[in-house]
Amino acid sequence: MALFELIDAAWRADDVAAKCHTVDALIPDYVALSLGESLPVAAREVPVCADVGRPLKPLCVSPAALPFRKAVDPEGRAALLHAIAHIEFNAINLALDAAWRFNALGPAFVRDWVGVAIEEAYHFSLIHDRLVTLGYRYGDLPAHSGLWQLAEQTAGDVLARMALVPRLMEARGLDAMPPIFRAFQGIGDKATLRALSVIARDEVRHVALGDRWFRQLCSKQHIPVIETYQALMTTYDAPWPRPPLNEAARRSAGFDDDEIALLKAH
Ligand SMILES: [Fe+2]
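The following refers to the structure shown. (Residues numbered from 1 in each chain as written. Predicted model: local features only at pLDDT ≥ 70, side-chain atom pairs only at ≥ 80, totals over all residues. Heavy atoms only, no water.)

1. A look at the overall build of the protein
Inference 1: From N to C terminus, the protein includes 11 helices and two strands.
Inference 2: Going from N to C terminus, the protein has its helices and strands arranged as α-α-α-β-α-α-β-α-α-α-α-α-α.
Inference 3: In terms of its C-alpha atoms, the protein occupies a principal-axis envelope of roughly 50 × 45 × 35 Å.
Inference 4: Looking at the protein as a whole, 51% of its 266 residues qualify as buried.
Inference 5: Taking all contacts inside the protein whose residues are at least 6 apart in sequence as the whole, residues at least 24 apart take part in 79%. (Helix = DSSP H or I, 4+ residues; strand = E, 2+ residues; numbered from the N terminus. Buried < 20%, exposed > 50% of the residue type's maximum accessible area, 1.4 Å probe, protein only. Contact = heavy atoms within 4.5 Å.)

This is the structure we're talking about:
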């Protein structure tokens, strides 16, 4: 299959295993793009966000309806891993959607987000393997309903997409990592810590890609980075970062001290 047919097929796949399998089939195209091959023409229309492929389960509920999760007992551990698996599953769709919907930005943009999709599918499999050891599978527990919402709201604007998905939501994910690490450290679960270490390393790079593309788009439009970012969060009524921020990870991903200070002061 040609590149955009594969991206489209992976984006639409309802079945989790089929989606991950189709994303893996993108690896040769990712390598080719990384080696500087030009982008084939997208022969079909980008679908509307609502048609994205996802399984019937998990049942998606409002975040308030989800119980507080602690890793000390197996049920809490499974709930925490299930929540992470859900984030990774949505992250596959978000990365595919960016590569597909905004492909007019060129081969480097498509390469970056196809690369992210490949890593997110790997993250999903790492966490899902841990979930299976506890006797659960993805879909067995309810999950957060809001993760796709910002994708739908920003479908017409790549500047807002880069700001609000990688540079806001994924950066909030960086802030969430230290307590998750501490929880699994506390129970001595080395296998999960190993999986989380891979995820934490890759996620810094994903936020950094969003940061780089956001800065590039701002520069092209001659608009300021920090003010534009904050204005977009207000316009889209997006959730601001919640302290404590993971300042080291955010700095590695491209946030500077001034912006971190502003986010903390909000
Ligand atoms: Fe991930």
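2. Focus: the nonpolar core
Inference 1: Ranked by size, the top nonpolar core spans 83 residues in total, and within it I7, L96, W113, M162 and F214 carry the most contacts.
Inference 2: Look past the residues within four positions of F214 in its chain and what remains in contact with it is L159, M162, A163, R167, V225, T228, Y229 and L232. (Core = buried A, V, L, I, M, F, W, Y, C linked by side-chain atoms within 4.5 Å.)

3. Some details on the packing of helix 5 (residues 107–133) against helix 8 (residues 190–221)
Inference 1: Direction vectors running N to C along helix 5 and helix 8 enclose 160°, while the axes themselves pass 10 Å from each other. By the angle between their axes, helix 5 is roughly antiparallel relative to helix 8. Crossing geometry of helix 5 relative to helix 8 is assigned as left-handed.
Inference 2: Grouping the constituent residues of the contact of helix 5 with helix 8 by class yields 14 nonpolar, four polar and nine charged. (Axes fitted to C-alpha atoms, helices over the stretch in contact; angles between N-to-C directions. Parallel < 35°, antiparallel > 145°, perpendicular 65-115°, else oblique. Left-handed = near helix turned anticlockwise from the far one by under 90°. Nonpolar A, V, L, I, M, F, W, Y, C, P; charged D, E, K, R; others polar.)

4. A closer look at the packing of aromatic side chains
Inference 1: Tallied over the full model, the rule gives eight aromatic pairs.
Inference 2: An angle of 55° between the planes, with centres 6.3 Å apart, marks the rings of F109 and W113 as tilted. Taken together, the positions of F109 and W113, both in helix 5 and four residues apart, correspond to about one turn of that helix.
Inference 3: Ring plane angle 80° and centroid distance 5.4 Å describe the contact between F124 and Y138, whose orientation is recorded as edge-to-face. With F124 in helix 5 and Y138 in the loop between helix 5 and strand 2 (143–144), the pair connects residues that are 14 residues apart, well separated along the chain. With respect to class, F124 is no different from Y138; both count as buried.
Inference 4: Taken together, the aromatic side chains of F89, F124 and Y138 make up a single cluster linked through ring pairs.
Inference 5: The ring of F255 is capped by R167, whose NZ or CZ atom sits 4.3 Å from the centre of that ring. (Phe/Tyr/Trp six-rings, centres within 6.5 Å; stacked < 30°, edge-to-face > 60°. Lys NZ or Arg CZ within 6 Å of the ring centre and 35° of its normal.)

5. Observations regarding the packing of helix 1 (residues 3–12) against helix 4 (residues 74–101)
Inference 1: Interaxial distance between helix 1 and helix 4 falls to 10 Å at its minimum, and their mutual angle equals 145°. Seen along the crossing, helix 1 lies across helix 4 with a hand that is left-handed. In this structure, helix 1 contributes F4, I7, D8, A10 and W11 to the contact, and helix 4 contributes N93, L96, D97, A99, W100 and R101.
Inference 2: Each residue belonging to the contact of helix 1 with helix 4 can be placed in one class, and the counts come to seven nonpolar, one polar and three charged.

6. Focus: unusual backbone geometry
Inference 1: Here K57 and P58 are connected by a cis peptide whose omega angle stands at 15°.
Inference 2: Summarising the element assignment, P58 is placed in the loop between helix 3 (27–34) and strand 1 (60–61).
Inference 3: For the bond from P243 to P244, the omega torsion is 0°, close enough to zero to count as cis.
Inference 4: Among the secondary structure elements, P244 is positioned in the loop between helix 9 (225–235) and helix 10 (247–252).
Inference 5: One non-glycine residue, H222, adopts positive backbone phi at about 55°.
Inference 6: By secondary structure assignment, the location of H222 is in the loop between helix 8 and helix 9.
Inference 7: Unlike most non-glycine residues, D237 shows phi in positive territory, near 50°.
Inference 8: Accessibility expressed as a relative area gives 70% for D237, which makes it exposed.

7. Comments concerning the coordination of the iron ion
Under perfect tetrahedral coordination by four donors, a metal shows angles of 109.5 degrees; under perfect octahedral coordination by six donors, it shows angles of 90 or 180 degrees.
Inference 1: Taken together, the protein donors to the iron ion comprise E88 (OE), E120 (OE), H123 (ND1) and E203 (OE), at separations of 1.8 to 2.3 Å.
Inference 2: Around the iron ion, the four donor atoms are arranged such that angles at the metal cover 88 to 146°; this shape is classified as irregular.
Inference 3: On the primary sequence, the residues serving as donors to the iron ion are separated as E-x31-E-x2-H-x79-E. Of this pair, E120 sits in helix 5 while E203 sits in helix 8, placing them 83 residues apart in sequence. For the residue pair E120 and E203, the accessibility class agrees, reading buried in each case. (Donors = N, O, S within 2.8 Å, 3.2 Å for Na, K, Ca; no water. Tetrahedral: all angles 85-135°; square planar, octahedral: opposite > 155°, others 65-115°.)

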